[in-house]
Amino acid sequence: MIAKRGPRLLDVVAVLNAPSDQAVEVGDVGTLSPDGIGVEFLSRDGRTRKVATLPVADVLVVNRERTPVG
């Protein structure tokens, strides 16, 4: 079983719950910014599309880490 960890700087995260006061939708994928739980969303050409401040409970870390077994 893989233990869940909290998000860290530059992790890739997906939005689980979209607050109505933010311009994000469930399923949007972004990268955590250095300012707490700010999530930066980029356009296909790499430009910042939006930055939203989201609670940790509203994002899912989608990075994959190799975990030693045994």
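Here is a short report on the structure shown in this document.

A look at the sheet that holds strand β3 (residues 38–42)
So, point 1. Judged by pairing direction, the sheet is antiparallel, and its five strands sit side by side in the order β4-β3-β2-β1-β5 without closing on themselves. Strands with a single pairing partner mark the edges of an open sheet, and in this sheet they are β4 (48–53) and β5 (59–61). Each strand of the sheet is rotated relative to its neighbour by a mean of 35°, with strand direction disregarded.
So, point 2. The pairing of strand β1 (residues 12–15) with β5 spans three bridges and is antiparallel. The residue bridging Ala14 from the neighbouring strand is Leu60, located in β5.

Here we look at the pairing of β3
So, point 1. Where strand β2 (residues 29–32) lies against β3, two bridges are found, and the strand directions are antiparallel. Bridge pairing in β3 links Thr31 to Glu40.
So, point 2. Taken together, the five bridges between β3 and β4 define a ladder with antiparallel strand orientation. Looking at β4, one finds that Leu42 is bridged to Thr48.

Conventions adopted
Residues numbered from 1 in each chain as written. Predicted model: local features only at pLDDT ≥ 70, side-chain atom pairs only at ≥ 80, totals over all residues. Heavy atoms only, no water. Pairing = 2+ DSSP bridges. Helix = DSSP H or I, 4+ residues; strand = E, 2+ residues; numbered from the N terminus. Axes fitted to C-alpha atoms, helices over the stretch in contact; angles between N-to-C directions.

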